[in-house]
Amino acid sequence: MIIKPDATDRRFIGRIIDRLEKARFQVVQMRMLRLTSAEARRFYAVHEGKPFLDDLVEFMVSGRVVPMVLEKENAVADLRDLIGATDPARAACGTIRQEIALDVQRNSVHASDSDENAAIEIAFFFSD
């Protein structure tokens, strides 16, 4: 999971971690950093050629992010349920994005969409 710049800037890191822990996720690793444009573009390489990529990269380098490794049985599916739809206007009531996200781009958090992508994303931030 990544807590994105809109959430870090508004000081929602603790609130998001509290939600995760109440949902029985264990935070295994976590760090705070500021991505470079090259790093953000590499992380979102799957979106290469899509019209929103440049704006997404610009947003992701606009402030600090907090990537973390979470553990829990059925972690990927449970986390995606907890954070809600990408567009907070369509996110279920009580989800993280419905409660704190600003819009479809500034949606406060990123979560892996599969176990395979989770492994890739963890290695991206925690290869050491």
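Conventions and cut-offs
- Residues numbered from 1 in each chain as written.
- Predicted model: local features only at pLDDT ≥ 70, side-chain atom pairs only at ≥ 80, totals over all residues.
- Heavy atoms only, no water.
- Helix = DSSP H or I, 4+ residues; strand = E, 2+ residues; numbered from the N terminus.
- Expected span 1.5 Å × (residues − 1).
- Buried < 20%, exposed > 50% of the residue type's maximum accessible area, 1.4 Å probe, protein only.
- Arc of directions from axis to C-beta.
- Contact = heavy atoms within 4.5 Å.
- Polar contact = N/O pair within 3.5 Å; in protein donor to acceptor, adjacent residues only side chain to side chain.

(A) Representation of helix α7 (residues 115–126). Compared with the 16 Å implied by 1.5 Å per residue over 12 residues, the 16 Å span of α7 between its first and last C-alpha is a close match. For α7, every residue scored as buried is listed here: A118, E121, F125 and F126. What you see down the axis of α7 is that its buried residues fit within an arc of 105°, all on one side. The exposed set on the far side of α7, more than 90 degrees from its buried face, consists of E116 and I120. Buried-residue contacts for α7 involve β1 (2–3), β2 (26–30), α3 (37–43), β3 (66–71), α5 (75–83) and β4 (109–110).

(B) Region of the structure containing α5. Every buried residue belonging to α5 is among V76, L79, L82 and I83, and all of these are buried. Buried positions in α5, seen along its axis, are confined to an arc of 130° and lie on one side of it. The secondary structure elements touched by the buried residues of α5 are α2 (13–22), β3, α6 (96–100), β4 and α7. Looking one or two residues past α5, G84 carries a phi angle of roughly 90°, positive in sign.

(C) Inspection of the side chain of R97 at higher detail. Within the fold, R97 resides in helix α6. A polar contact is formed between the side chain of R97 and the backbone oxygen of N107, at a distance of 3.4 Å. Discounting chain neighbours no more than four positions away, the residues touching R97 are I83, G84, A85, T86, P88, A91, N107, V109 and H110.

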